[in-house]
Amino acid sequence: MISLPFDPIKRAQEIETIVMQDTKRKYHRFRPAPYYGGIATADAVGCCFLCAYCWSYFRILQPQKHGKFYSPEAVGDNLLNIAKKKGFKYVRVTGCEPILGERSLEHLVKIIDRTLQTKKDLTFILETNGLLLGFYPDFIERLAIPRLSIRVALKGWDPASFQEITGAEKDYFVYPIIGIKKMLQKGLHAWPAVMFDVFGEEGVNSLKTQMQKQGLKCRMETEVLEKYPYVMDNIYKRGLILKQ
């Protein structure tokens, strides 16, 4: 069992060695999903955080026990097949953190290229926690891709809440915000998203203040918590209090 808090950069390196095999990565499933008006979805395995409210908590906690390895070409083709069958205009990788290091970033970029070059009317939505993009800003250069949109799920409104939610050391709180700032500076289409049931109005306002300190002002998406029984159990065990 992992001890909290942990170093998320070190954990990213460790998890990448588990979920990557040469150029292949572990995936749990491929599916259509209703979000964004309909999106072809690849659920990958592995994350550098251990968020209390994560719907994929157990696959993140024990990535060695879940999923099968797929090449980026196979992932891209699965997404394309779902999008074609359902008439979707969006594709994504989710259920994990897509960017854990150089190898997983290369794998991801190949998926993006395969889907967007094959079908010219698709948009790829990258859902990320933004940590590695802020910590290694050179990674951002690799994501300057037309028709790529980047949604950064922020996991706290200050260092203390970040540590409580993610299990990661609080000193890493600022890096996802830095990542968004640098992406916008380079002209990428990126925005933050927060779990309103956990943040509440006060948390959202506090986060906006933190972002302003970094010179960052942009639209913020709010999402609703999926209240699965094991999610609620994890939330209560961490001592989080949901907002009304």
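Residues numbered from 1 in each chain as written. Predicted model: local features only at pLDDT ≥ 70, side-chain atom pairs only at ≥ 80, totals over all residues. Heavy atoms only, no water.

Engineer: Is there a simple way to explain the pattern of salt bridges in this structure?
Structural biologist: In a structure, side chains of opposite charge can pair up when their charged atoms sit close to one another. Taken as a whole and assessed by the stated rule, the structure comprises 12 salt bridges. We note a salt bridge from Arg142 to Glu102, for which the minimum N-O separation is 3.4 Å. Of this pair, Arg142 sits in the loop between helix 6 (138-141) and strand 7 (148-153) while Glu102 sits in helix 4 (residues 102-118), placing them 40 residues apart in sequence. Take Arg142: its relative accessible area is 34%, and that puts it in the partly exposed class. Note on Glu102: relative accessible area 47%, which makes it partly exposed. Residue Asp233 is joined to Lys237 by a salt bridge in which the shortest nitrogen-to-oxygen separation is 3.2 Å. Of the two residues, Asp233 and Lys237 both sit in helix 10 (residues 229-238), 4 residues apart, roughly one turn of that helix. By relative accessible area, Lys237 is classed as exposed at 66%. (Salt bridge = Lys/Arg side-chain N within 4 Å of Asp/Glu carboxyl O. Helix = DSSP H or I, 4+ residues; strand = E, 2+ residues; numbered from the N terminus. Buried < 20%, exposed > 50% of the residue type's maximum accessible area, 1.4 Å probe, protein only.)

Engineer: Is there a simple way to explain the pairing of strand 6 (residues 123-128) in this structure?
Structural biologist: Both faces of the sheet carry side chains from a regular strand, because those side chains alternate between them. Most of strand 6 sits inside the fold, with 6 of its 6 residues counted as buried. Pairing analysis gives 4 bridges linking strand 5 (residues 90-94) to strand 6, with the strands arranged parallel. Its bridge partner lying in strand 6, Val93 is registered against Leu126. Note that the unit made of strand 5, helix 4 and strand 6 has a crossover that is right-handed. Note that strand 6 and strand 7 share 5 bridges and pair parallel. For Ile125, the partnering residue across the bridge sits in strand 7 and is Ser149. (Pairing = 2+ DSSP bridges. Right-handed = clockwise from strand over helix to strand, strands pointing away.)

Engineer: What should I look at first to understand helix 8 (residues 175-185) in this one?
Structural biologist: For an α-helix, the turn length of 3.6 residues means that residues three or four places apart are oriented alike. Restricting attention to buried positions, one finds in helix 8 the residues Pro176, Ile177, Gly179, Ile180 and Met183. End-on, the buried residues of helix 8 take up no more than an arc of 155°, which puts them together on one face. Tucked into the core, helix 8 has its buried residues touching helix 5 (131-135), helix 6, strand 7, strand 8 (189-195) and helix 9 (196-213). At the C-terminal side of helix 8, Gly187 shows a positive phi close to 85°. (Arc of directions from axis to C-beta. Contact = heavy atoms within 4.5 Å.)

Engineer: Quick question: what am I supposed to make of unusual backbone geometry here?
Structural biologist: Apart from glycine, the bulk of residues carry a negative phi angle, and the bulk of peptide bonds sit in the trans form. Of note, the bond from Leu4 into Pro5 is cis; its omega dihedral lies within 30 degrees of zero at -5°. Mapped onto the elements of the fold, Pro5 is located in the segment before helix 1 (8-19). With a phi angle near 60°, Asp22 is a residue other than glycine that sits in the positive phi range. Along the chain, the position of Asp22 falls in the loop between strand 1 (20-21) and strand 2 (24-33).

Engineer: When you look at the packing of aromatic side chains in this model, what are you seeing that I'm missing?
Structural biologist: When we look at a pair of aromatic rings, we describe it by the centre distance and by the angle of the planes. Considering all chains together, one arrives at 15 aromatic pairs under this definition. Aromatic side chains Phe49 and Phe162 sit 5.4 Å apart centroid to centroid with 85° between the ring planes, which places their arrangement in the edge-to-face category. Of this pair, Phe49 sits in the loop between strand 3 (39-44) and helix 2 (57-61) while Phe162 sits in helix 7 (residues 159-166), and the two are 113 residues apart along the sequence. Each ring, one from Tyr136 and one from Phe139, has its centre 5.3 Å from the other, and the planes form 35°; the classification is tilted. For Tyr136, a relative accessible area of 30% translates into the label partly exposed. Lying over the aromatic face of Trp191, Arg219 brings its terminal NZ or CZ to 4.6 Å of the ring centre. (Phe/Tyr/Trp six-rings, centres within 6.5 Å; stacked < 30°, edge-to-face > 60°. Lys NZ or Arg CZ within 6 Å of the ring centre and 35° of its normal.)

These figures come from the coordinates and say nothing about function on their own.
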